[in-house]
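Structural description and commentary
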Amino acid sequence: MHRINCMPEKTINILAIESSCDETSAAVICNGKVLSNVIATQKVHERFGGVVPELASRAHMQHIVPAVDAAIMDAGINKRDITAVAFTQSPGLIGSLLVGACFAKAFAQALSLPLIAVHHMQAHVLAHFIESQPEFPFLCLTVSGGHTQIVLCRDYLDMEVLGETIDDAAGEAFDKVAKMLGLPYPGGPLIDKFASEGDPHRFKFPVSEMKDYAFSFSGIKTSVLYFLQAQKKIDPDFAEKNIKDICASVQYTIIKMLMTKLEKASKQLNIKQVGIAGGVSANSGLRNAVKEAGEKYGWQVYIPRFEYCTDNAAMIGITGYYKFLQGSFADMTVSPSARATWQ
């Protein structure tokens, strides 16, 4: 198999831009090393209990120039030192993607720089290579608010999605359950916090049984909804009184579904290099479950730092770096896509 030369003779500075949802991020990657990683979080969505696409687009327009400027300054370089511009091309909110894509195109064209289009989920996987070097083949469970996948990585840019959710993502399930419990957005981290103090076996919720490596999380959302409706008829304050045990039980069930598929893939493919990525990989319950499975099955476990788990431009930059080494560039006709498949 052709391998990418990871020891370039010249300095390669990648300016990376991430704008797929509600985080405006810019980073500079030098020869695979992160020099800066600036993230501007949008607080405007909290009052609405979820991301409002139009407001997200407007916030990106406000944040992108300051974020890029800060990333270049923090990296200690000049814009003339930049070798190429990488940006999130797909998937995501189309309005948000357009802001990042248009800025990246304009910046690249103004300085006559090559342009690199990056798939957001591929970047989540390659976030592992920012600070470590997993051996290939490598299994990655990518879990976020919009996606849940098991990915087989044969090389930096040679990946195959073995299975994914057929409906809702695990992160969405966490957030929707949190909303049912009256928790503010984003609710996933709050479920994790309460779960750490609750009994995960007190309440039983169904585990979906899907073929091969597919996932489904719509069932647990419905189950929790009906459960809470029934209990509140008996005691209107049921959720508030039992929130720790409810959160622990829900988190236990979702993690069980994730780990069952990951363990199955590792066993069937005989791969012991295993990692998790995406926003939900910041969940302490999932991180502990993967570490425990690693000890049980002899896995070499890789988990990125928190700042590289959530949406960030550093992961776009590291992907852009490997694509640069392979000569995989985009022209100015490239367009963002809300649901594009992996190239």
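As a reminder, the structure under discussion sits directly above these lines.
Here is a short report on the structure shown in this document. Per-chain numbering applies: the sequence of each chain, read as written, is numbered from 1 onward. The predicted origin of the model limits local features to residues at a pLDDT of at least 70 and limits the giving and counting of side-chain atom pairs to 80 or more, whereas totals for whole chains, interfaces and linings rest on all residues. Side-chain numbers come from the whole structure's heavy atoms, not from hydrogens or water.

**Section: the sheet that holds strand S7 (residues 148-155)**
Spatially, the five strands line up as an open sheet ordered S8-S7-S6-S9-S10, and their pairing is mixed. Edge positions in the open sheet fall to strand S8 (158-164) and strand S10 (300-302), since each of these has one partner strand only. The mean angle between the axes of side-by-side strands here comes to 20°, regardless of whether they run parallel or antiparallel. One requirement defines pairing of two strands: DSSP has to find at least two bridges between them. Secondary structure elements follow DSSP: runs of H or I of four or more residues count as helices, runs of E of two or more count as strands, with numbering from the N terminus. Both strand S9 (residues 273-277) and S10 contribute to a ladder of three bridges, which runs parallel. Looking at the pairing, Gln273 lines up with Gln300 of S10. Contacting strand S6 (138-143), S7, S8 and S9, helix H8 (residues 243-269) crosses the sheet at an angle of about 165° to S6. An axis is simply a line fitted to the C-alpha atoms; with a helix, the fit covers only the stretch in contact. Between two such axes, the angle follows the N-to-C directions and lies from 0 to 180 degrees. Contacts are assigned to residue pairs with any non-hydrogen atoms lying within 4.5 Å of each other.

**Topic: the pairing of S7**
Each residue is placed in one exposure class: buried if its accessible area under a 1.4 Å probe, protein chains only, is under 20% of its type's maximum, exposed if it is over 50%, and partly exposed if it falls in between. With seven of eight residues buried, S7 is to be regarded as a mostly interior element. When S6 meets S7, the two strands line up antiparallel, connected through six bridges. Its bridge partner being in S7, Val143 is matched across the sheet by Thr148. Counted along the chain from S6 to the antiparallel partner S7, the turn is four residues long. Sheet analysis places S7 next to S8, joined by six bridges and oriented antiparallel.

**Side note on the packing of aromatic side chains**
Each aromatic pair joins two rings of Phe, Tyr and Trp (for Trp, the six-membered one) with centres within 6.5 Å, and gets the label stacked for planes under 30 degrees apart, edge-to-face for over 60, and tilted for any other angle. Enumeration over the complete set of coordinates arrives at 15 aromatic pairs. Here Phe205 and Phe227 contribute two aromatic rings whose centre-to-centre distance is 5.4 Å and whose plane-to-plane angle is 90°, an arrangement assigned as edge-to-face. Taken as a pair, Phe205 in the loop between helix H5 (188-195) and helix H6 (218-234) and Phe227 in helix H6 lie far apart in primary sequence, 22 residues in all. Of the two residues examined, Phe205 and Phe227, each falls in the buried class.

**Quick notes on the layout of surface pockets**
Cavities and pockets are defined on a 1 Å grid built over the protein atoms alone: a cavity is a set of grid points where a 1.4 Å probe fits but cannot escape, while a pocket is an open set with protein on both sides within 12 Å along at least five of seven lines, and lining residues are those with an atom within 4 Å of any such point. Grid points are joined across faces, edges and corners, and a volume is the space filled by probe spheres set on the points. Here the second largest pocket is characterised by a volume of approximately 260 Å³. Tyr252, Ile255, Gly285, Ala289 and Glu292 are, among the 13 residues lining the second largest pocket, the residues nearest its centre. By residue class, the composition of the lining of the second largest pocket is six nonpolar, three polar and four charged. By the convention adopted, Pro, Cys, Tyr, Trp, Phe, Met, Ile, Leu, Val and Ala count as nonpolar, Lys, Arg, Asp and Glu as charged, and the other residues, Gly among them, as polar.

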